[in-house]
Amino acid sequence: MAERARFASRRVLTDAPFLAAANGRTPSHRPVWFMRQAGRSLPEYRKIRAGIGMLESCFDPALVSEITMQPVRRHGVDAAILFSDIVVPLKAAGIDLDIVAGTGPVVANPVRSIGDVAALPRLVPEEVGAVAEAVRLLTVELGSTPLIGFAGAPFTLASYLVEGGPSRNHERTKALMHSDPKTWHALLSTLADTTITFLQAQLHAGVDAVQLFDSWAGALSLAEYREFVLPHSERVFAEIQSAGVPRIHFGVGTGELLGAMGEAGADVVGVDWRIPLDVAARRVGPGKALQGNLDPSVLFAGPAAVEKQVRRIVSEADTAIASGTPGHIFNLGHGVLPDTDPGVLTAVVELVHSL
């Protein structure tokens with residue numbers, strides 16, 4: 001009861017279509033938002049970020065607020081997602097890393113041993129105070145539009161720390177996982193603590209939903225996911241359950257993992273573009289809303305192709321709902337690509353709202 005009381009200051013947005021769909025209620029229209037909607041596809045974003053590093057941007061509350069608001073103003077999406085990066089809590093805790101343009105997060109001292117795990121700094125809420133302040137600014141600015149907070153899942157954070165940066169094959173990550181399970185689970189337990197602290201800071205500040213990104217989980221087999229990843233993601237979702245907000249789980253290339261990901265504890269499971277939503281619904285199982293799943297590349301194919309694919313996805317989602325899926329939130333199957341025409345995104349929002 002005391003834990004729930006600590007989250008009691010959150011806005012009441014009962015009629016917001018995004019929250020209605022996530023909670024299994026009937027929305028006034030089908031909600032839509034886009035992963036990576038606040039970013040390089042918008043000229044106003046490129047202008048305001050000129051000369052400012054990515055991580056520097058993420059710790060500037062006023063800048064975070066403005067960037068988060070940009071796609072809401074331009075596209076009329078049904079939810080904002082906090083402008084941040086999944087490595088922000090690692091940086092805040094004191095891990096030596098940077099986001100290198102054209103590469104992604106690069107870690108100065110990769111984690112390879114139990115000693116490296118023990119040496120990892122632990123995140124305390126005060127270290128992400130700037131993020132919490134951005135959330136507080138946004139809950140005023142957004143009015144009746146919900147705000148989604150997010151964090152990276154323990155496995156995806158671990159893959160950056162072990163590899164030292166982005167990896168195509170995750171060979172060092174999988175080698176550690178299989179050769180030294182004790183060190184592996186110690187690492188993921190530590191990172192689960194970091195993720196929980198980061199999400200709780202956002203929840204205390206007032207976000208209306210959270211999304212856990214396990215971006216690289218699709219590199220794993222189902223057996224690997226169940227043994228080495230699922231227990232830690234389950235703990236993250238369990239620790240934030242008392243906030244009473246929708247919890248979304250998403251990964252790329254996770255079609256074969258959807259059943260297990262559905263077990264992790266989220267209320268909504270995000271689906272990438274590789275499988276139809278009605279098929280995904282059967283894999284995820286009952287009681288979970290779905291989010292997705294237009295291929296971001298289709299946005300380059302012209303208006304007729306975009307409309308055809310949007311209608312297909314809505315139809316597949318309707319089939320899933322008719323079979324018992326509680327709700328559907330329209331989204332892409334991954335993030336907005338940098339060269340996407342913003343006008344196409346606006347048109348998708350208008351089309352989805354009309355269906």
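Computed from a predicted model, the values in this text were never measured in an experiment.

This paragraph deals with empty space enclosed by the protein. Sizing a probe to match a water molecule and rolling it over the atoms shows the empty space that remains. In the structure shown here, the tally under the stated rule is one cavity of 30 Å³ or more. Taken as a whole, the largest cavity encloses approximately 30 Å³ of empty space. Looking at the largest cavity, the residues that line it are Leu90, Ala93, Ile95, Leu120, Pro121, Thr190, Leu191 and Thr194. Among the secondary structure elements, those contributing two or more residues to the lining of the largest cavity are helix 6 (88-93) and helix 11 (181-205). Take the lining of the largest cavity: its biggest share by element is three residues, from helix 11. Its residues placed into classes, the lining of the largest cavity shows six nonpolar, two polar and no charged.

Two elements in contact, helix 15 (residues 303-322) and helix 16 (residues 342-354), have axes whose closest approach is 11 Å; the angle formed by their N-to-C orientations is 40 degrees. Classified by the interaxial angle, the pair formed by helix 15 and helix 16 is oblique. Judged by the twist between their axes, the crossing of helix 15 over helix 16 is right-handed. Taking contact as the criterion, the partners of Val306, Glu307, Val310 and Arg311 in helix 15 are, on helix 16, Val344, Val348, Leu351 and Val352. Taken together, the residues of the contact of helix 15 with helix 16 sort by class into six nonpolar, no polar and two charged.

As recorded in UniProt, the sites labelled "domain: Uroporphyrinogen decarboxylase (URO-D)" (unreviewed entry) are residues 31-40 and 148-164. For residues 31-40, the end-to-end C-alpha separation is 23 Å, with 0% helix and 0% strand making up the annotated structure. End C-alpha to end C-alpha, residues 148-164 measures 28 Å, and it is 59% helix and 29% strand.

Here the largest pocket is characterised by a volume of approximately 1200 Å³. Lining the largest pocket we find 41 residues, and of these Arg36, Arg40, Met54, Ser84 and Asp85 sit closest to its centre. Sorting the residues of the lining of the largest pocket by element identifies helix 3 (43-49), helix 4 (54-58), strand 2 (97-100) and strand 3 (104-107) as the ones contributing at least two each. Grouping the constituent residues of the lining of the largest pocket by class yields 23 nonpolar, 11 polar and seven charged.

Our focus in this paragraph is the pattern of salt bridges. Close approach of charged atoms lets side chains of opposite charge pair. Tallied over the full model, the rule gives 12 salt bridges. The shortest N-O distance in the salt bridge between Arg73 and Glu66 comes to 2.9 Å. For Arg73, a relative accessible area of 48% corresponds to the partly exposed category.

Let us now look at the side chain of Ser84. With respect to the helices and strands, the residue Ser84 is situated in the loop between strand 1 (80-81) and helix 6. Excluding residues that lie within four positions of it along the chain, Ser84 makes contacts with Met54, Cys58, Phe150 and Phe198.

Along its 25 residues, helix 11 runs 36 Å from first to last C-alpha, staying within 8% of the 36 Å computed at 1.5 Å per residue. With respect to burial, helix 11 is a largely interior element, 18 of its 25 residues being buried. Following helix 11 by one or two positions, Gly206 adopts a phi angle in the positive range, close to 125 degrees.

Let's shift gears to the packing of aromatic side chains. For the structure shown, the criterion picks out five aromatic pairs. Taking the centre distance of 5.7 Å and the plane angle of 65 degrees together, the rings of Tyr45 and Phe83 count as edge-to-face. Here Tyr45 is found in helix 3, whereas its partner Phe83 is found in the loop between strand 1 and helix 6, with 38 residues between them in sequence. Of the two residues, Tyr45 and Phe83, both sit in the buried class. Centroid distance Tyr160 to Trp216: 6.5 Å. Interplanar angle 70 degrees. Geometry classified as edge-to-face. Linking Tyr160 in helix 9 (residues 154-163) with Trp216 in the loop between strand 5 (209-213) and helix 12 (222-240), this pair joins segments that are 56 residues apart in sequence. A residue is classified by how much of its surface remains accessible, and Tyr160, at 8% relative accessible area, is buried. A network of ring pairs unites the aromatic residues Phe150, Phe213 and Phe250 as a single cluster. Stacked on the ring of Trp273, the Lys or Arg Arg274 has its end atom at 4.3 Å from the ring centre.

Turning our attention to the pairing of strand 9 (residues 328-332). Most of strand 9 is tucked away, with five of its five residues classed as buried. By the alternation rule, side chains of strand 9 split into His328, Phe330 and Leu332 and Ile329 and Asn331, which are all buried. Of the pairings in the sheet, the one linking strand 8 (residues 289-294) to strand 9 comprises five bridges and is parallel in character. Pairing of Leu294 across the sheet is with Leu332, part of strand 9. Read from strand 8 through helix 15 to strand 9, the crossover connection turns out right-handed.

Rules behind the numbers
Residues numbered from 1 in each chain as written. Predicted model: local features only at pLDDT ≥ 70, side-chain atom pairs only at ≥ 80, totals over all residues. Heavy atoms only, no water. 1 Å grid on protein atoms, 1.4 Å probe; cavity = no way out; pocket = protein on both sides within 12 Å on 5 of 7 lines; lining within 4 Å. Points joined across faces, edges and corners; volume = space filled by probe spheres on them. Helix = DSSP H or I, 4+ residues; strand = E, 2+ residues; numbered from the N terminus. Nonpolar A, V, L, I, M, F, W, Y, C, P; charged D, E, K, R; others polar. Axes fitted to C-alpha atoms, helices over the stretch in contact; angles between N-to-C directions. Parallel < 35°, antiparallel > 145°, perpendicular 65-115°, else oblique. Left-handed = near helix turned anticlockwise from the far one by under 90°. Contact = heavy atoms within 4.5 Å. UniProt positions renumbered as here; feature names shortened; annotations may be inferred. Salt bridge = Lys/Arg side-chain N within 4 Å of Asp/Glu carboxyl O. Buried < 20%, exposed > 50% of the residue type's maximum accessible area, 1.4 Å probe, protein only. Expected span 1.5 Å × (residues − 1). Phe/Tyr/Trp six-rings, centres within 6.5 Å; stacked < 30°, edge-to-face > 60°. Lys NZ or Arg CZ within 6 Å of the ring centre and 35° of its normal. Pairing = 2+ DSSP bridges. Right-handed = clockwise from strand over helix to strand, strands pointing away.

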